[in-house]
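Commentary on secondary and tertiary structure
If you want the building blocks of each chain, they are given just below.
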Amino acid sequence: MTQIGRWARPLPLREPRTPRNGVVSGNLSKVNLRTLGRNTLVAGLAEVWRVVSRFVLTPLIIGILGLEGYGVWTLVFSVAAYVSMANASFGLAYTKFTAECMQAEEYDRLSRIVGSGMVGIGSVALVGLGAAAIFGESIMRAFNTPEAMVGDAATALMIVLVVLVLRMSIGCCHEVLSGLHRMDLTSRLAIIASIIEFCVSVPLLLSGWGLVGLALGHLAGYGSNNFMAYWLVRKHAPQLRISPFMMSREGFRLMLRTGGKFQLLMGVNTLVMHGAKFIISRQLGPAAVGIYNLADRLLELGRAASAAVVGPLMPAFADTQARGDAKTERVLLLKGSKADGLTGGGVLAFLAVFAPYVVFIWTGEHFTDASWALQVMVVGDGMFVLTSVISSNLRARGKVRLEMTTALISGTIGIGSMFPLMALWGFQGAIIARLMAQVIAASWYTLAFLRSANIPLREYIDGVRIGWIVVSLGLASAAAGVGVRLLPIPDVGLPERWHAVVEVAAWGCVFGAIAVTAAWHLVVDDAERERLRGIGHKIRRKLGRG
């Protein structure tokens, strides 16, 4: 039995019917390398813009509201995350059913599923909004929010939850577009939303609106893009009816059966991710949360690179599984993991080398704790980057047991060890607890998946070229790390911050050149090199015609 061959058929809730004449007319959900490439490119641009806009906005928040105010703003989204986790879990069901139903031309069935989800998940958001209206100030006080900020923090929380009501109802259209393999459209919407948020938030922040101004900017950007997503679905899939009035008993049953599988998983992940911030805030105050979040935000650069590769893969896996194409599924798993390791791992390695410089360039302050936390957290995040494609494959099948067990392992170790380690080493103890949890959980997850898929460890390592990825990035990190410390750029009278930019730019080029050269010869195979050369030739021809 071949490695992924025993998974040749998916585990659908109902067998998709065969299209008329054996021809799939739902071309929107047909996966191919060109579609994946387009989705990955635009998703990458969206992630880059989102991170860049945060890089500009975060220093402004710290400069105007202080590190404590930035920590409180972080806590607002951490509280809201316990409501939005329902959207994350059932959103996966939207994507899965869209890919499968469009493949089988079951438009009415998909409309009933989506309508049922809008009612069910939207109701959860409304309950969260009501709870924030009643208990908002008490919640924010519970996490040591300074009394002067409690009122604004509670108002900001309510505004953020209004956005979630829209996202968890009509915003289901984002996941429908993903299931149609039009993640390029969702990525463009994300760029538009981020631009609107930035353009509204900055003037309000500078005008003294504080946390409320930030929340209003978030509402303007991410509230409006849900209606844009609805318009795009109506344009590209007119067969579908996106309406809560399409809800049905069958639709609720299917959404609960599939989305419910992911719900506990998302709950555990949310508890671990944001629970750590609540513990830090209770023990050390919101300023410590701000430091923790600075490091975590920088790690988003690596996650963004990984997300650009992994994002289009789940609907692609669902499509290949629905067609029983085990060969393509296996190629997606190995090639996707290799690309994920190179892109996400490359960005994380860069951050580890230049952490003190990047933190200073970003904030204008030498937050040494944030720099140290970033360098330590890179290790655990790097290991989890390599599991992202595995998660996409399992989620496309509606399988969550392995991922759930991994989340429980990570949560038990992370939360369980955080209290004693923080008692010993304070903030550093919290970071070490996170590192231990991630390393152990990611190792277990990878090995458990390979066993369940009958993929020998050696075959996976060789197929993904993990060893050579580590060698390539290790050589680049060593050269740039030693160079930036032993051969600093001479001071020519530039301001300190701009001098740091020059240092990172100069030695970053060294890092990039070594990493790309080593990966080209050690990681990329002959067929991939030929394909990349072809893409390069096409780009040059287009530029030449331009």
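The rules behind these values
- Residues numbered from 1 in each chain as written.
- Predicted model: local features only at pLDDT ≥ 70, side-chain atom pairs only at ≥ 80, totals over all residues.
- Heavy atoms only, no water.
- Helix = DSSP H or I, 4+ residues; strand = E, 2+ residues; numbered from the N terminus.
- Buried < 20%, exposed > 50% of the residue type's maximum accessible area, 1.4 Å probe, protein only.
- Contact = heavy atoms within 4.5 Å.
- Expected span 1.5 Å × (residues − 1).
- Bend = angle between axes of the 7 residues up to and from the residue.
- Axes fitted to C-alpha atoms, helices over the stretch in contact; angles between N-to-C directions.
- Parallel < 35°, antiparallel > 145°, perpendicular 65-115°, else oblique.
- Nonpolar A, V, L, I, M, F, W, Y, C, P; charged D, E, K, R; others polar.
- Salt bridge = Lys/Arg side-chain N within 4 Å of Asp/Glu carboxyl O.
- Phe/Tyr/Trp six-rings, centres within 6.5 Å; stacked < 30°, edge-to-face > 60°.
- Patch = residues over 30% accessible without salt bridge, like charges linked within 9 Å, V, L, I, M, F, W, Y side chains within 5 Å.
- Areas by Shrake-Rupley, 256 points an atom, 1.4 Å probe, with all protein chains shown as cover.

Considerations on the overall build of the protein chain
Looking only at helices and strands, the protein chain has 18 helices and zero strands in total. Within the span of the protein chain, comprising 546 residues, buried residues form 55% of the whole. Across the protein chain, contacts joining residues at least 24 apart in sequence account for 84% of those joining residues at least 6 apart.

Comments concerning helix α11 (residues 368-385)
A rise of 1.5 Å per residue sets the reference length of α11, with its 18 residues, at 26 Å; its end C-alpha atoms lie 25 Å apart and thus fit the reference within 8%. The largest bend along α11 reaches roughly 35° and is located at Val378. Considered for burial, the residues of α11 that qualify are Ala370, Ser371, Ala373, Leu374, Val376, Met377, Val378, Gly380, Asp381 and Val385.

Regarding unusual backbone geometry
In this structure, Asn144 takes a positive phi of about 65° despite not being glycine. Positive phi outside glycine occurs at Asn454, with the angle close to 60°. The residue Asn454 is located in the loop between α14 (427-452) and α15 (457-464) in this model.

Examining the packing of α15 against helix α16 (residues 466-486)
Contact geometry of α15 with α16 gives a least axis separation of 5 Å together with a crossing angle of 45°. Relative to α16, the element α15 lies oblique. Counted together, Tyr460, Ile461 and Val464 of α15 and Ile466, Gly467 and Ile469 of α16 form the full contact between these two elements. Partitioned by chemical class, the residues of the contact of α15 with α16 number five nonpolar, one polar and no charged.

Notes on the pattern of salt bridges
Taken as a whole, this structure holds 23 salt bridges when the rule is applied. In this structure, the salt-bridge partner of Arg303 is Asp381, at a minimum N-O distance of 3.0 Å. You can see Arg303 sitting in helix α8 (residues 286-310) and its partner Asp381 sitting in helix α11, a full 78 residues away along the chain. Its relative accessible area of 31% is what places Arg303 among the partly exposed residues. Shared partners join several salt bridges into a network, and the residues in it are Glu106, Arg109, Arg112 and Glu250.

With respect to the packing of aromatic side chains
A complete count under the given rule lists five aromatic pairs for this structure. Residues Trp73 and Phe77 carry aromatic rings whose centres are separated by 4.9 Å and whose planes lie at 85° to one another, so their mutual orientation is edge-to-face. Residue Trp73 and its partner Phe77 are both found in helix α1 (residues 33-104); the two are separated by four residues, about one turn of the helix. Relative accessible area serves as the criterion here: at 9%, Trp73 is assigned to the buried category. What makes Phe77 partly exposed here is its relative accessible area of 26%. Ring geometry for Tyr82 against Phe278: centres 5.8 Å apart, planes inclined by 20°, an arrangement best described as stacked. Pair noted here: Tyr82 is in helix α1 and Phe278 is in helix α7 (residues 249-284), with a separation of 196 residues, a long-range link. The class for Phe278 is buried, based on a relative accessible area of 11%. These aromatic residues form a ring-pair network of at least three members: Tyr82, Phe143 and Phe278.

Concerning a nonpolar patch on the surface
A cluster of nonpolar side chains, Val492, Leu494, Trp498, Val501 and Val502, forms an exposed patch at the surface whose accessible area comes to about 460 Å². Residue Trp498 is classed as exposed on the basis of its relative accessible area of 56%.

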